[in-house]
Amino acid sequence: TILLGIYVPPYIQKTSEFVFTDKDGYVVIKLADVDKKRYDVLFMEEDETPVLELKAIKEPFLIIDKTNFYHGGWFKFELKENGRVKERNKVFLAKDFSP
């Protein structure tokens, strides 16, 4: 017997090229054409509770301090370009510790 089925590949988390963390653990937002387009970013908890919202970003390279987030872990974000969703993804913030 031969079974035919649809192959569903496993979900792979892909790093965003627009919103990511740097080597020090800060959130970096890197955008192009900020003078011609309007960008908004909304950061949310895993259950989609809003944490931080940035509207009308005017800087092409923006670094957000970790203290703007309540804890370490995964945060969802939604990047909008001119009111339309450009990307939905997650970013990971490592928990700071004292030696």
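These numbers come from a predicted model, not from an experiment.

So, how was this worked out
- Residues numbered from 1 in each chain as written.
- Predicted model: local features only at pLDDT ≥ 70, side-chain atom pairs only at ≥ 80, totals over all residues.
- Heavy atoms only, no water.
- Pairing = 2+ DSSP bridges.
- Helix = DSSP H or I, 4+ residues; strand = E, 2+ residues; numbered from the N terminus.
- Salt bridge = Lys/Arg side-chain N within 4 Å of Asp/Glu carboxyl O.
- Buried < 20%, exposed > 50% of the residue type's maximum accessible area, 1.4 Å probe, protein only.
- Axes fitted to C-alpha atoms, helices over the stretch in contact; angles between N-to-C directions.
- Core = buried A, V, L, I, M, F, W, Y, C linked by side-chain atoms within 4.5 Å.
- Contact = heavy atoms within 4.5 Å.

**Focus on the pairing of strand β4 (residues 50–54)**
Phase 1: Sheet analysis places strand β3 (residues 39–44) next to β4, joined by four bridges and oriented antiparallel. Looking across to β4, one finds that Leu42 is bridged to Glu53.
Phase 2: Taking the residues between adjacent antiparallel strands as the criterion, β3 and β4 are bridged by five residues, where Glu48 takes a positive phi near 70 degrees.

**Looking at the pattern of salt bridges**
Phase 1: One pass over the full model with this rule turns up seven salt bridges.
Phase 2: Between Asp40 and Arg38 there is a salt bridge, and its shortest N-O distance comes to 3.3 Å.
Phase 3: Here Asp40 falls in the buried class, since its relative accessible area comes to 14%.
Phase 4: A residue is classified by how much of its surface remains accessible, and Arg38, at 41% relative accessible area, is partly exposed.
Phase 5: Glu81 is paired through a salt bridge with Lys86; the nearest N and O atoms lie 3.4 Å apart.
Phase 6: Given the relative accessible area of 19%, Glu81 is considered buried.
Phase 7: Linked by salt bridges that have partners in common, Lys37, Glu81 and Lys86 make up one network.

**Considerations on the sheet that holds strand β7 (residues 84–93)**
Phase 1: Strand order across the open sheet formed by four strands is β4-β3-β6-β7, with antiparallel pairing between neighbours. Only two strands of the sheet have a single neighbouring strand rather than two, namely β4 and β7. For this sheet the average axis-to-axis angle between neighbouring strands, irrespective of direction, equals 20 degrees.

**Re the nonpolar core**
Phase 1: Among the nonpolar cores identified, the biggest contains 19 residues, and Ile29, Leu31, Phe43 and Phe69 are the most heavily contacted of them.
Phase 2: At the level of elements, β2 (27–30), β3, β4, β6 (73–81) and β7 are the ones that each hand at least two residues to this core.
Phase 3: Beyond its immediate stretch of four places on either side in the chain, Ile29 contacts Phe18, Val19, Val41, Phe43, Leu54, Ile57, Pro60, Phe61, Leu62 and Ile64.

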